[in-house]
Amino acid sequence: MSKPIKILNATLIEKDNSIQLLGRVANSSLADIQVDDYQRDPLGGLHAEELKEATATGADIPVSVMNCRDKDYKVEKNGDHTISNGWVVDGLQRLTAAKAVLAEGGDPFYLVEITFGLTKEQEKDRFEVLNKNRMKVSTNILIRNKASRVPLIAMLLAAIGDSTHPLYRRVTVTQRAATGELLSFVSLLKVLVTLHSHMGVPKSNDLSEIITRFQELMDKVGKRVIQDNVRAFFDFFEHAWGIKTITYKEGATWMRPNFLRCIAELFSRYHNHSNIWNGNKLILDPKVQARLKSFNVHDPEVNRLATQGGMARETLLVLLTNHLQSGRGARVLKGRPPVNSSAVSK
C-alpha cells in the first residue's frame, strides 16, 4: 500500500513542459519510497561504499528521479511538501545507500526530482532513456522490462520461470548473474533468433529490430510454435549433456553462447530436413540427437573455439556440420543439403 512521502525544502519547477517538484526526501520517508519490478537489483562492493560516503555528506550526488503516480500533493506551512506516493525511477542505488547510512545512525542526503501522473509504463520508458545512455543498466533488464508490451518477451520469461524447464534459474534477467545462472537473457534471445533465422528473423546486433521481427514471426506462426521450439532446443541440451546438473559453468562448454548459436545455426540451415524440422516446428528425432550427442564437447580445442568469436565460431560450426554429415551421420539426415554450410554469421 502506498504511503505519503515528505519532501523537505521543496520547490516547484517547470521542466519538460510539466510541473515537477525538487527537494530532499525526509529520512522518515526513505523506507516508504516504492521500487517496481523494472528496476535493476541493488549493487554491492566498492561502488556501494562510495555511494554511502557521498550520500552521508551530500557531496557530488546526482539528483534522483521519482514519480508520484497521481497528482496528489499538499504544501505544509513551513514549505515542505507531502506527496501521496513515490516510486523511484532513477536513483535506486542512491536510495539503497541512503537507507544504509540512516541504518548506521547517519543523516543521508537524498535529493529528488519528482514528476506527477506518469503510469508504470511511462516510468519504464523514462528509466530506459535515463539509463541506456549511461551504459550502467544491464541490457538484460531493458529487454525484461518490455514484457508488458512485447508478448514474445513475456513468453520467454514465463518459460524460464517454469520449474520444469531446462533453463529454470539458469538465465540472468537482472543486473548481475546469480549463482547457478549460465546464460544472459540477451544471449538467450540471440540464440533463438539464430535458430529461427531461416523464417525471416534477422541476425542483427540491433536488439530493437530483432525483437520486433521476432514478435512478428510469433504473431504469424503462433506463440505455441515458438514456445515449443524453445523447449525442444534446450531439452536436447539437457538430454545430451545436461543443464540442470551443471555446477560450474566454466566447464560447461555446451552452454557457452557461441556453442549454442552454432547448434542453432546448424539446425536452422537444415530446415529442409524432415527429421529436424516439421514445417515451422523443431522436432529433432532420436537419431539426430544421438549423433550430435557423440560430439566431444570436452575436447580442449572445442572449448577454446566456444570461448571466442569471429573465425573461431566459423570453425566450430564446420566441425559440428562435418560431425553431423560424416560417417553414420550421413545416413541420419533426411532432406537436401543445407545452403552455405561453410560459413556462419558474425
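The structure we're discussing is the one just above.
Presented here is a report on the structure given in the accompanying data block. (Residues numbered from 1 in each chain as written. Predicted model: local features only at pLDDT ≥ 70, side-chain atom pairs only at ≥ 80, totals over all residues. Heavy atoms only, no water.)

## With respect to the sheet that holds strand S3 (residues 64-68)
At step 1: Strand order in the open sheet made by the 7 strands is S4-S5-S1-S2-S7-S3-S6, with mixed pairing throughout. One side of each edge strand has no neighbouring strand; the edge strands of this open sheet are strand S4 (73-75) and strand S6 (87-90). Pairwise comparison of adjacent strand axes, ignoring direction, gives a mean angle of 40° for this sheet.
At step 2: As paired elements, strand S2 (residues 18-25) and strand S7 (residues 111-116) share 4 bridges and run antiparallel to each other. Across the sheet, Arg-24 pairs through a bridge with Leu-111, a residue of S7.
At step 3: Packing against the sheet, helix H3 (residues 120-132) makes contact with S2, S3, S6 and S7, and its axis sits at approximately 35° to S6. (Pairing = 2+ DSSP bridges. Helix = DSSP H or I, 4+ residues; strand = E, 2+ residues; numbered from the N terminus. Axes fitted to C-alpha atoms, helices over the stretch in contact; angles between N-to-C directions. Contact = heavy atoms within 4.5 Å.)

## A short note on helix H10 (residues 286-293)
At step 1: For H10, every residue scored as buried is listed here: Val-288, Arg-291 and Leu-292. Buried positions in H10, seen along its axis, are confined to an arc of 95° and lie on one side of it. Exposed and facing more than 90 degrees away from the buried side of H10 are Pro-286 and Lys-287. (Buried < 20%, exposed > 50% of the residue type's maximum accessible area, 1.4 Å probe, protein only. Arc of directions from axis to C-beta.)

## Examining the packing of aromatic side chains
Ring pairs (aromatic) are described by centroid distance and by the angle formed between their planes.
At step 1: Tallied over the entire structure, the rule returns 13 aromatic pairs.
At step 2: Look at Phe-233 and Phe-234: their rings are 5.0 Å apart centre to centre, the planes differ by 85°, and that puts the pair in the edge-to-face class. Here Phe-233 and Phe-234 have matching classes, each one buried.
At step 3: For the ring pair Phe-233 and Phe-267, a centre distance of 6.0 Å and an interplane angle of 85° mean the geometry is edge-to-face. Within this pair, whereas Phe-233 is found in helix H8 (residues 223-240), its partner Phe-267 is found in helix H9 (residues 257-269), the two being separated by 34 residues in sequence. (Phe/Tyr/Trp six-rings, centres within 6.5 Å; stacked < 30°, edge-to-face > 60°.)

## Some thoughts on the side chain of Lys-124
At step 1: Relative to the helices and strands, Lys-124 resides in helix H3.
At step 2: A residue is classified by how much of its surface remains accessible, and Lys-124, at 6% relative accessible area, is buried.
At step 3: Apart from residues no more than four positions distant in its own chain, Lys-124 is found in contact with Tyr-38, Asn-145, Ser-148 and Arg-149.

## Re unusual backbone geometry
Among all residues save glycine, negative phi is the norm, and among peptide bonds the norm is trans.
At step 1: The phi torsion at Asn-9 lies on the positive side, around 50°, for a residue other than glycine.
At step 2: Checked against the element boundaries, Asn-9 lands in strand S1 (residues 5-15).
At step 3: Even without being a glycine, Leu-284 presents a positive backbone phi close to 50°.
At step 4: Structurally, Leu-284 can be placed in the loop between strand S11 (281-282) and H10.
At step 5: The class of Leu-284 is buried, set by a relative accessible area of 4%.

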